[in-house]
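Summary of the model geometry
Letter by letter, the chains look like this.
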Amino acid sequence: MTIDAKSASAQTLEICNTAPVIPVLLVESADTAAALGQALVAGGLPVLEVTLRTKAALDVIAAMAEVEGGIVGAGTLLTAQDVKNAKAAGAKFGVSPGATDALIDACEVEGLPLLAGAATATEAMRLLERGYTTQKFFPAEAAGGAKALGSLASPLPQITFCPTGGVSPDNAASYLKLPNVVCVGGSWVAPKDAVAAGDWGRITDLARTACKSLGGAV
Ligand SMILES: O=C(O)C(=O)C[C@H](O)[C@H](O)COP(=O)(O)O
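Per an unreviewed UniProt entry, the protein carries the name 2-dehydro-3-deoxy-phosphogluconate aldolase and comes from Neptunicoccus cionae. You can read under Catalytic activity (unreviewed entry) in the UniProt record for the protein the words "2-dehydro-3-deoxy-6-phospho-D-gluconate = D-glyceraldehyde 3-phosphate + pyruvate". Under the Pathway (unreviewed entry) heading, UniProt states for the protein: "Carbohydrate acid metabolism; 2-dehydro-3-deoxy-D-gluconate degradation; D-glyceraldehyde 3-phosphate and pyruvate from 2-dehydro-3-deoxy-D-gluconate: step 2/2."

Topic: the overall build of the protein
Secondary structure assignment for the protein yields 10 helices and 8 strands. A compact globule built from 218 residues would reach a C-alpha radius of gyration of about 17 Å, and the protein, at 16 Å, matches this within 12%. Expressed as a percentage of its 218 residues, the buried residues of the protein come to 50%. Total accessible area on the protein stands at roughly 9,400 Å², and carbon and sulfur atoms take up 54% of it. In the protein, the 15 positive side-chain charges and the 20 negative ones have mean positions that sit 4 Å from each other.

Re helix 3 (residues 57-64)
Ala57, Val60, Ile61 and Met64 are the residues of helix 3 that are buried. For helix 3, the buried positions fall inside an angular range of 100° around the axis, keeping them on one side.

Thoughts on the packing of helix 4 (residues 80-89) against helix 5 (residues 101-110)
Between helix 4 and helix 5, the least distance of the axes is 8 Å, while the angle of their chain directions is 30°. Taken together, helix 4 and helix 5 sit at an angle that is classed as roughly parallel. In the packing of helix 4 onto helix 5, the handedness of the crossing is right-handed. Packed against helix 4, whose contacting residues are Ala80, Val83, Lys84 and Lys87, the element helix 5 presents Leu103, Ala106, Cys107 and Glu110 at the interface. Per-class residue counts for the contact of helix 4 with helix 5 are 5 nonpolar, no polar and 3 charged.

Concerning the site of the ligand
Of all residues adjacent to the ligand, which total 13 residues, the nearest are Thr76, Lys136, Thr164, Gly166 and Ser187. Backbone polar atom of Gly166 to an oxygen atom of the ligand: 2.7 Å apart, as the coordinates give it. The contact in question runs from an oxygen atom of the ligand to an N or O atom on the side chain of Ser187, over 2.5 Å. Across the complex, the protein chains shield 82% of the 410 Å² of accessible surface that the ligand would expose by itself. Its residues placed into classes, the shell around the ligand shows 2 nonpolar, 8 polar and 3 charged.

Things to note about the sheet that holds strand 1 (residues 21-25)
Taken in spatial order, the 8 strands of this open sheet run 7-6-5-4-3-2-1-8, and their pairing is parallel. The open sheet has two edge strands with one neighbour each: strand 7 (160-163) and strand 8 (184-186). The sheet shows a mean angle of 30° between the axes of neighbouring strands, taken without regard to direction. The pairing of strand 3 (residues 71-75) with strand 4 (residues 93-95) spans 2 bridges and is classified as parallel. Across the sheet, Ala74 pairs through a bridge with Gly94, a residue of strand 4.

As for the side chain of Asn180
Relative to the helices and strands, Asn180 is located in the loop between helix 8 (172-176) and strand 8. Judged by relative accessible area, Asn180 falls into the buried class, the value being 3%. If sequence neighbours within four positions are ignored, Asn180 has contacts with Leu149, Gly150, Leu152, Ala153, Ile159, Thr160 and Phe161.

Regarding helix 2 (residues 33-42)
For helix 2, the full list of buried residues reads Ala33, Leu36, Gly37, Ala39 and Leu40. Each buried residue of helix 2 lies within a common arc of 160° when the element is viewed along its axis, so the set occupies one face.

Section: the nonpolar core
Of all hydrophobic cores here, the largest spans 61 residues; its most connected members are Leu25, Leu36, Met64, Leu77 and Trp188. Setting aside its immediate chain neighbours within four residues, Leu25 contacts Leu36, Leu40, Leu48, Glu49, Val50, Thr51, Met64 and Ala190. Cys16, Ile22, Val182 and Cys183 belong to the second-largest nonpolar core, a separate cluster that totals 10 residues.

A word on the packing of aromatic side chains
One pass over the full model with this rule turns up 1 aromatic pair. The interplanar angle of 75° and the centroid separation of 6.3 Å between the aromatic rings of Phe137 and Phe161 together place this pair among those described as edge-to-face. Of this pair, Phe137 sits in strand 6 (residues 134-137) while Phe161 sits in strand 7; the two residues are 24 residues apart in sequence, bridging distant segments of the chain. When sorted by exposure, Phe137 lands in the same class as Phe161, which is buried. Above the plane of the ring of Phe138 lies Lys136, whose end atom (NZ or CZ) is 4.9 Å from the centre.

What counts, and where the lines are drawn
Within each chain, residues carry numbers counting from 1 in the order of the written sequence. Whole-chain, interface and lining totals are the exception, using all residues; otherwise, since this is a predicted model, local features are given only for residues with pLDDT of at least 70 and side-chain atom pairs are given and counted only at 80 or more. Heavy atoms from the whole structure form the basis of all side-chain values; hydrogens and water molecules are not counted. UniProt positions are given in the numbering used here, feature names are shortened, and annotations may be inferred rather than shown by experiment. Helix and strand labels come from DSSP, where a helix needs a run of H or I of at least four residues and a strand needs a run of E of at least two; each type is numbered from the N terminus. With C-alpha atoms as the basis for the radius of gyration, the globule rule is written as 2.2 Å multiplied by the number of residues raised to the power 0.38. Note on classification: 1.4 Å probe, protein chains only; a residue is buried when its accessible area is under 20% of the maximum for its type, exposed when over 50%, partly exposed between these limits. All accessibility values rest on the Shrake-Rupley procedure with a 1.4 Å probe; residue burial counts only the protein chains present in the view. In this tally, Asp and Glu contribute negative charge and Lys and Arg positive charge; neither His nor the terminal groups of the chain are included. For the purpose of locating charges, the reference atoms are NZ of Lys, CZ of Arg, CG of Asp and CD of Glu. To be clear, the arc concerns the directions from the helix axis to the C-beta atoms. Each axis is a line fitted through C-alpha atoms, and for a helix only the stretch in contact is used; angles between axes span 0 to 180 degrees, taken between their N-to-C directions. For classification purposes, angles smaller than 35 degrees are called roughly parallel, those larger than 145 roughly antiparallel, those between 65 and 115 roughly perpendicular, and all remaining angles oblique. What makes a crossing left-handed is the near helix being turned counterclockwise from the far one by less than a right angle; a clockwise turn instead makes it right-handed. Contacts were defined at the residue level, with two residues in contact if any of their heavy atoms lie within 4.5 Å. Three classes are used, and their members are as follows: Ala, Val, Leu, Ile, Met, Phe, Trp, Tyr, Cys and Pro are nonpolar, Asp, Glu, Lys and Arg are charged, and the others, Gly among them, are polar. By convention in these notes, a residue is near a molecule or strand provided one of its non-hydrogen atoms lies within 4 Å of it. By the criterion applied in these results, polar contacts are pairs of N or O atoms within 3.5 Å in which, for protein atoms, one can donate a hydrogen and the other can accept it, and in which residues neighboring in sequence qualify only through two side-chain atoms. At least two bridges found by DSSP between two strands are what make those strands a pair. To define a nonpolar core, start from buried Ala, Val, Leu, Ile, Met, Phe, Trp, Tyr and Cys residues and group those joined through side-chain atoms within 4.5 Å. Aromatic rings from Phe, Tyr and Trp, taking only the six-membered ring of Trp, are treated as a pair when their centres fall within 6.5 Å; an angle between ring planes under 30 degrees marks them as stacked, one over 60 as edge-to-face, and anything in between as tilted. Both a distance and an angle decide whether a charge sits over a ring: NZ of Lys or CZ of Arg must be within 6 Å of the ring centre and within 35 degrees of the ring normal.

Written out as structure tokens, the structure is:
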């Protein structure tokens, strides 16, 4: 079933409203996917962005789609084929560092709500022209951080952002207090070494700490 820009934006906004942080995940093995997903859900972060940057990513999405309480999406969507693969694996939403017309078209045809990326006013306006009012601000820190993103709020108040890229426990709150930010994305809640070691307790603690300190429900 296809999706239009308005519904896609409404759905990504609802997903972004679920928790203050979207964990950005790089997972090498599908064997650990369910446990990782459960650890994050238990810590109060149910929205899971699995980047398509590992060979196992599509299998990871399929495994995480079964995690109770989780909402799994595919990150690093670059091509129409990525969109098809992500949708077939069970992704409920897609995330991209940027946006092209081909990528947006593919998401609309496949019915995958897209959180597309913008780093400048012009990029944000192009997405707005296509009807996308919920966007990812990427690469957030490198593109000027909270100061730059906050500056977009006056001229573009109709756009709500999820800043991602360099967001950390030290700066997440400065983004979340902006009027045009709904949540942040970040990898810090699932560090590579903790995932590799299967240290799910540490990951739940990191998620819970992020959630509590940033105003989540846990
Ligand atoms: O893969 C994507 O779709 C991306 O846009 C890149 C991610 O947003 C960053 O990798 C976030 O990573 P951290 O800076 O480690 O939190």
